[in-house]
Amino acid sequence: MSGYANRIAWVDLAEKRVEYLEVDEDEAAKFIGGRGLGGRFLLKHAVGKDPLSPENILAIMVGPMTGSDAPLSNRIAAVTRSPLTGGFADSHCGGYAGPALKLSGFDGVILAGASDDPVLLVAKNGAITIESAKALWGKNTFDAYQSVKRKYGAEAVFYGIGPAGENLVKFANIMHFSRFAPGGRASGRCGTGAVMGSKRVKGLVMLPDLKRKPQPADPSKFRKAVDESLRKIRESEVTSPGKGGLSVYGTAVLVNVINELKAFPTRNAKQTIFEHAYYISGENLRGTILRRQWTCFMCPVACKRESEVKDGKFKHESEGPEYESIWALGAMTGLGHIEAISYLNYLANAYGLDTIELGNTLAVACEASEMGLIKDAVKWGDADAFIDLVRKISYREGELGNLLAEGGARAAEKLGAPEISMSVKGLSIPAYDPRGVKGMGLTYATSNRGACHLRAYAIASEVLGIPYKTDPLAYDGKVDIVILFERLFAILDSMTFCKFSSFAMTKEDYAALYSGLTGLEVTPDDLDKIGERIWTQERYFNQLHGFSRKDDILPRRFFEETSSHGQVYDRETFERMLDEYYRKHEYDPDGRVPEETLKKLEII
């Protein structure tokens, strides 16, 4: 099939042996690639395996669109069983790692077993070599990339971990660097970096060859679909290059927007308005610490920022900070200083930590400190204390550092106050308070990887009016919006496209691009069914590990404590929404996927 390298490397790390697999055409047609095909490997090989044991696998995957001329076709997916949640995990990254893997000759690299000594995997011309990484082990991600670049050349693309992953911090991420993304991009959520660290893999180096760029099966049809997609991107008020809010101010354009909606979780969601929001906004970032804009492979939007603080204790250069990082390290912790937030973001990138989970975990520490549950006082907005804690967490240093390295949910539970963790299924919330945007409440509760905005971005409808506008405070109609985005985003993560493309493009565009590239004719309805299949496969994986309706729940605070505009999430309405959600998915009332549905979707 066009679009595929037709090559997946299965790396047995214990035996230092690589087996090369062809892509199963039937499974590719059903699950596409990326998240979907990675989930297929997980269902076959990782059920019941301890996330940090050698028996778990880490599937690093791309899709058929990755590396092609399709706009925003640049993502890479790390798929595994999460050490943070115990459930399904996939973590995505933009930039150039995805295209580099495809142009190195692979649709995926699967890490199985564990090495005795630190190793580095090198992908080039359809072959994987396993090399020693003893000299890299212990280095932060920036320094590791510089070493990689010196050895393998300026074109080398790095996808690897820092000290947090090496020390099995449960929310360690995988960082990506290249000559076009020198400040770092992150596969952030779910602790995929800890899984890589447990296998004693420092990272994957890719040496791409442009001659391997995917060629369309139907060049005319594909070119027409590309041109139509680019037209829509240029005309969108959100994505228009140099004009749209996402292009001009980056993702942090949402800071003031969500704060004005009174849906900006502040000080561990005890408030939902942050009084210092402007000072950490995209508008202020642009006027203060912005150094330049970067973009990702085949992306005209250029939402990425590179920030620089030239002197003082927060001196640094780094990519970002993004909206979610600004919120997590800012409002959620009570910190209203953009230079300090950017520095914390830089440290998280260097050590290899998910910034969303980090900010939530620091917020748990602050509230626990207020309650007298920890010896070391951690105060809201204390940048110096946060800087110290980031290092301690990354190295599991001291009692508090080791505790917080488990993530916000486990830390709160061990402190005897599970209610102060704003998490679902063990994964902490992102930057939208569900009391002010009701669709996000259902999104968090039902997400297959825990509290996550990128599973079903109801904000697109509630705030941006995409594909149609809904009232943020209304419950009606939100089940349909959540299911719509679940299916669409499962497709995008599997093809793989950046989700920002959906602010301008439609399922018709994705169907045309996919059909033109691969030669497999699909309709928007076909994609809808594939999205449902991918989604349900993940829910089934979780079900096999004991997840059910009891886990589709929000933190107690959202049901019982009012937001800054007097809102709670009504519990009875929430339960009715769950009933409707399960019914429309053809699940049992307890949220389990019945055998009939699994067979209908060809999952079993």
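First things first, this report covers the structure right here in the doc. Everything quoted here is computed from the prediction, not taken from an experiment. (Residues numbered from 1 in each chain as written. Predicted model: local features only at pLDDT ≥ 70, side-chain atom pairs only at ≥ 80, totals over all residues. Heavy atoms only, no water.)

**A closer look at the overall build of the protein chain**
In terms of regular secondary structure, the protein chain is built from 24 helices and 17 strands. Seen through its principal axes, the protein chain has C-alpha atoms that stretch 60 × 55 × 50 Å. Per-residue burial for the protein chain yields a buried fraction of 66% across its 604 residues. Within the protein chain, contacts between residues at least 6 apart in sequence are counted, and of these 68% link residues at least 24 apart. Counting only carbon and sulfur atoms, one obtains 48% of the accessible surface of the protein chain, whose full area is about 20100 Å². Charged side chains in the protein chain number 76 positive and 79 negative. The centres of these two groups are separated by 3 Å. (Helix = DSSP H or I, 4+ residues; strand = E, 2+ residues; numbered from the N terminus. Buried < 20%, exposed > 50% of the residue type's maximum accessible area, 1.4 Å probe, protein only. Contact = heavy atoms within 4.5 Å. Areas by Shrake-Rupley, 256 points an atom, 1.4 Å probe, with all protein chains shown as cover. Lys, Arg positive; Asp, Glu negative; His and termini not counted. Charge placed at Lys NZ, Arg CZ, Asp CG, Glu CD.)

**Here we look at empty space enclosed by the protein**
Counted by the stated rule, this structure contains one cavity of 30 Å³ or more. If you add up the space inside the largest cavity, you get close to 70 Å³. Considering the residues around the largest cavity, the lining is formed by Lys-425, Ser-447, Asn-448, Arg-539, Asn-542, Gln-543, Phe-547, Ser-548, Asp-552 and Gly-591. Tallied by class, the residues present in the lining of the largest cavity amount to one nonpolar, six polar and three charged. (1 Å grid on protein atoms, 1.4 Å probe; cavity = no way out; pocket = protein on both sides within 12 Å on 5 of 7 lines; lining within 4 Å. Points joined across faces, edges and corners; volume = space filled by probe spheres on them. Nonpolar A, V, L, I, M, F, W, Y, C, P; charged D, E, K, R; others polar.)

**Some words on the sheet that holds strand 15 (residues 316-319)**
With antiparallel pairing, three strands are arranged side by side in an open sheet as 13-14-15. Each edge of the open sheet carries a strand with a single partner, namely strand 13 (290-294) and strand 15. Averaged over all adjacent pairs, the angle separating strand axes in this sheet is 15°, with direction ignored. Pairing geometry for strand 14 (residues 304-309) and strand 15, over four bridges, is antiparallel. Directly across from Glu-308, in strand 15, lies its bridge partner Glu-317. Packed on one face of the sheet, helix 12 (residues 338-351) meets strand 14 and strand 15 and runs near 70° to strand 15. (Pairing = 2+ DSSP bridges. Axes fitted to C-alpha atoms, helices over the stretch in contact; angles between N-to-C directions.)

**Overview of the layout of surface pockets**
Estimated volume of the second largest pocket: approximately 410 Å³. In this structure, the second largest pocket is lined by 18 residues; those nearest its centre are Ala-409, Pro-418, Ser-423, Lys-425 and Gly-426. At the level of elements, helix 16 (408-414) and strand 16 (423-424) are the ones that each hand at least two residues to the lining of the second largest pocket. The element best represented in the lining of the second largest pocket is helix 16, accounting for three residues. Here the lining of the second largest pocket is composed, by residue class, of seven nonpolar, four polar and seven charged.

**A look at the pairing of strand 6 (residues 108-112)**
Look at any regular strand and the pattern is simple: side chains alternate between the two faces of the sheet. The buried fraction of strand 6 is high, at five of five residues. Of the two faces of strand 6, the one holding Gly-108, Ile-110 and Ala-112 and the one holding Val-109 and Leu-111 are both buried throughout. As paired elements, strand 1 (residues 8-12) and strand 6 share five bridges and run parallel to each other. For Ala-9, the partnering residue across the bridge sits in strand 6 and is Val-109. In this sheet, strand 6 lies alongside strand 3 (residues 57-61) in antiparallel orientation, the contact comprising five bridges. The residue bridging Leu-58 from the neighbouring strand is Leu-111, located in strand 6.

**As for the pairing of strand 4 (residues 76-81)**
In terms of residue burial, strand 4 counts as a mostly covered element, since six of its six residues are buried. Bridging between strand 3 and strand 4 involves three bridges; their strand directions are antiparallel. Paired with Met-61 across the strands is Ala-77, a residue of strand 4. Note: strand 4 against strand 5 (residues 88-93), six bridges, orientation antiparallel. In the strand pairing of strand 5, Arg-81 is matched with Phe-88. Linking two consecutive strands that pair antiparallel, namely strand 4 and strand 5, is a turn of six residues; a positive phi of about 80° is found at Gly-86 within it.

**Some remarks on the packing of aromatic side chains**
Summed over all chains, the structure comprises 24 aromatic pairs. Within the aromatic cluster, the residues linked to one another by ring pairs are Phe-142, Tyr-145, Phe-177, Phe-314, Tyr-343 and Tyr-346. One residue, Arg-200, lies across the ring of Trp-137, its end atom 5.0 Å from the ring centre. One cation-aromatic arrangement involves Lys-499 over Phe-489; the distance from NZ or CZ to the ring centre is 5.5 Å. (Phe/Tyr/Trp six-rings, centres within 6.5 Å; stacked < 30°, edge-to-face > 60°. Lys NZ or Arg CZ within 6 Å of the ring centre and 35° of its normal.)

**Regarding unusual backbone geometry**
Put simply, Ile-466 and Pro-467 share a cis peptide bond, and its omega is -5°. By the element assignment, Pro-467 lies in the loop between helix 18 (459-464) and helix 19 (478-495). Met-495 connects to Thr-496 through a cis peptide bond whose omega is 0°. By the element assignment, Thr-496 lies in the loop between helix 19 and helix 20 (507-518). The phi dihedral of Ile-32 is positive, around 70°, even though this residue is not glycine. Tracing the chain through its elements places Ile-32 in the loop between helix 1 (25-31) and helix 2 (34-45). The backbone of Asn-268 shows a phi angle near 60°, a positive value even though the residue is not glycine.

**With respect to the pattern of salt bridges**
Evaluation of the coordinates by the stated rule reveals 56 salt bridges. Lys-170 serves as the salt-bridge partner of Glu-406, at 2.8 Å between the closest nitrogen and oxygen. With Glu-406 in the loop between helix 15 (398-404) and helix 16 and Lys-170 in the loop between helix 5 (163-166) and strand 10 (174-178), this residue pair connects regions lying 236 residues apart in the sequence. Each member of the pair, Glu-406 as well as Lys-170, carries the same accessibility label: buried. Put simply, Arg-455 and Glu-538 hold a salt bridge, and the shortest N to O gap is 3.8 Å. Here Glu-538 lies in helix 21 (residues 524-543) and Arg-455 lies in the loop between helix 17 (438-446) and helix 18, a separation of 83 residues in the sequence. Counted as one network, the salt bridges with shared partners bring together Arg-35, Asp-90, Arg-455, Asp-493, Lys-499 and Glu-538. (Salt bridge = Lys/Arg side-chain N within 4 Å of Asp/Glu carboxyl O.)

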